[in-house]
Amino acid sequence: MLNQKDILSTIEMIDQQHLDIRTITMGISLLSCCDPDGKKACDKVYDKITRYAEKLVKTGEDIEREFGIPIVNKRISVTPMALVAGASDAKDYVPFALAMDRAAKTCGVNFIGGYSALVQKGMTLADEKLIRSIPEALASTDLVCSSVNVGSTKAGINMDAVALMGRVIKETARLTEAQDGLGCAKLVVFCNAVEDNPFMAGAFHGVGEAEKVINVGVSGPGVVHHALQSVKGQPFEVVAETVKKTAFRITRMGQLVAQEASRRLDTPFGIVDLSLAPTPAVGDSVARILEEMGLEVCGTHGTTAALALLNDAVKKGGVMASSSVGGLSGAFIPVSEDEGMIAAARSGVLTLDKLEAMTCVCSVGLDMIAVPGDTSAETISAIIADEAAIGMVNCKTTAVRLLPAPNKTVGDTIEMGGLLGSAPVMPVHNESAAAFIGRGGRIPAPMHSLKN
Amino acid sequence: MNAIVTVVGRDRVGIIASVCALLAENNVNILDISQTILQGSFTMVMAVDVGASKAPVGDLRDQLEELGKKMEISIRIQREEIFDAMHRI
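Residues numbered from 1 in each chain as written. Chains lettered and ligands numbered in written order. Predicted model: local features only at pLDDT ≥ 70, side-chain atom pairs only at ≥ 80, totals over all residues.

A. Molecular detail of the overall build of chain B. If you tally the helices and strands in chain B, you get three helices and four strands. For a compact globule of 89 residues, the expected C-alpha radius of gyration is about 12 Å, and chain B comes in at 13 Å, within 12% of that figure. Among the 89 residues that make up chain B, the fraction classed as buried is 28%. Counted over contacts in chain B with a minimum sequence separation of 6, partners at least 24 positions apart contribute 63%. (Helix = DSSP H or I, 4+ residues; strand = E, 2+ residues; numbered from the N terminus. Rg over C-alpha atoms; globule rule 2.2 N^0.38 Å. Buried ≥ 20, exposed ≤ 12 C-beta atoms within 10 Å, placed from the backbone. Contact = placed C-beta atoms within 7 Å.)

This is the structure in structure tokens:
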């Protein structure tokens, strides 16, 4: 028999500490949808997604009701669309995004990821065509998310793609100007992108993956924060142990839900992504965990060390709780989606440079950061290049999701609503990197890429 | 298949009776009950067998929630596996 204390502690985690399953994401391979006729290919894309994911939302809701654990998002990730669209004679790839959007709406999911291209070493004609269509694709759809992988430890950094992405991000912001540049919140630039990430906006279903798969992302910054409140002033070993134990519990729940969803949907279980994913709600913040460790404000000196400990302890605690850990796994630091990060950025303590340092030790990168609307494309590209270099050299995933806020400047705020939150516009360096970005070509892979 | 029913709220006459009556109507067998006053609020945890229940767990949840609203307390039912997963290796 379970004891009453354990039962009530679980209920308190759900009720008061925002414990939830952040997402059940069904990955679907669309390679079988390739067709020389673009229109036929789009029809196949729509049909296959709606056929495979027909019961995804209903199943998620059933599990939520029976287990009493909130499952916030039900989502779909698909094969990078450049690979599917590239087989067709289509001149314009936007119809593929529209087909994804329609399918997502039919299934009732809240996002679909995979309007993507993997160009770490070079761009095919299809890759380039898809990347150039991203601004229009994101402006003309509601639920489609896009990602582009511009670098890897093995291949180096494709600086032509980096330069292009700076312009694509600017154009996406311009086309979605009426919504504060919302399109950019659905666009991620990666280095070392993973093929089984369940989290948006960077989810896609990698070509090394099965026909279809269920990946689950857990969450629970509030639970970790609450646990750390009981070990105030104690040494870091105690802090690490406390985080590990908490992460273990959270991940076990994720594993249970993943297996249940996999069984009910008759779809193989892929991975549990054991990430600490914050939301804008008070009490669900990664920044507040770092502050609980003893920092006055997130972003001050010591923040990188605190985040390194947190990120590592989350993985160590979670890894034994799941039969298969994958995705991004670690602590996320999206500024606009984290109440504590928003406050720290607003106070001026948390800067873009500090966030860049933090990305060396956390699971992703510069995420959901609003920058002035007049930031040049070259500066955005240079920020991407810096972040990709961190990922490339450290053999880790890094990502950039910047939001150039149209017609806004430092001190203003953009509002995206819901889980995307609101972001104070943060300053960037004004000195130009245009000549650097203008060089083009490829930054070679580091020495340690030659492991064979 | 077992589930856990938890009732938390201000103590009043008839809480246990009405929860048990609802469960009995649905042919849900009660395996264990523990009850205490925790930080001033009435707290009851029940282990129940829903294997022969007339209604699926999701519907029982709705019925219990409805009853909770009427009695101004929080009543929930959750499959036991969620607690096992979190607290047992």
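B. Representation of the nonpolar core in the model. All names here are of chain A. Judged by nonpolar contacts, the single largest core of 181 residues is most densely connected at Val45, Met100, Ile112, Val150, Ile369 and Leu403. By residue number, the principal contributor to this core is helix H9 (residues 236-264), which donates 10 residues. Taken domain by domain, the makeup of this core includes at least three residues from each of domain 1 (24-191) and domain 2 (218-442). Setting aside its immediate chain neighbours within four residues, Met100 contacts Val45, Val78, Ile112, Tyr115 and Val144. (Core = buried A, V, L, I, M, F, W, Y, C linked by C-beta atoms within 7 Å. Domains from an automatic or database assignment.)

C. Main features of the environment of Leu164 of chain A. Residues and elements named next belong to chain A. With respect to the helices and strands, the residue Leu164 is situated in helix H7 (residues 159-175). C-beta crowding within 10 Å serves as the criterion here: with 22 such atoms nearby, Leu164 is assigned to the buried category. Spatially, the C-alpha atoms of Leu164 and Ile383 are 13 Å apart, while their sequence positions differ by 219 residues.

D. Region of interest: the interface of chain A and chain B. Taken together, the contact between chain A and chain B spans 18 residues of the former and 19 residues of the latter. Mapped by element, the contributors of at least two residues to the side of chain A that touches chain B are helix H1 (4-16), helix H3 (56-67) and H9 of chain A. Per element, the largest residue contribution to the side of chain A that touches chain B is six residues, and it comes from H1 of chain A. Of the residues belonging to the side of chain A that touches chain B, the class tally is nine nonpolar, three polar and six charged. (Nonpolar A, V, L, I, M, F, W, Y, C, P; charged D, E, K, R; others polar.)

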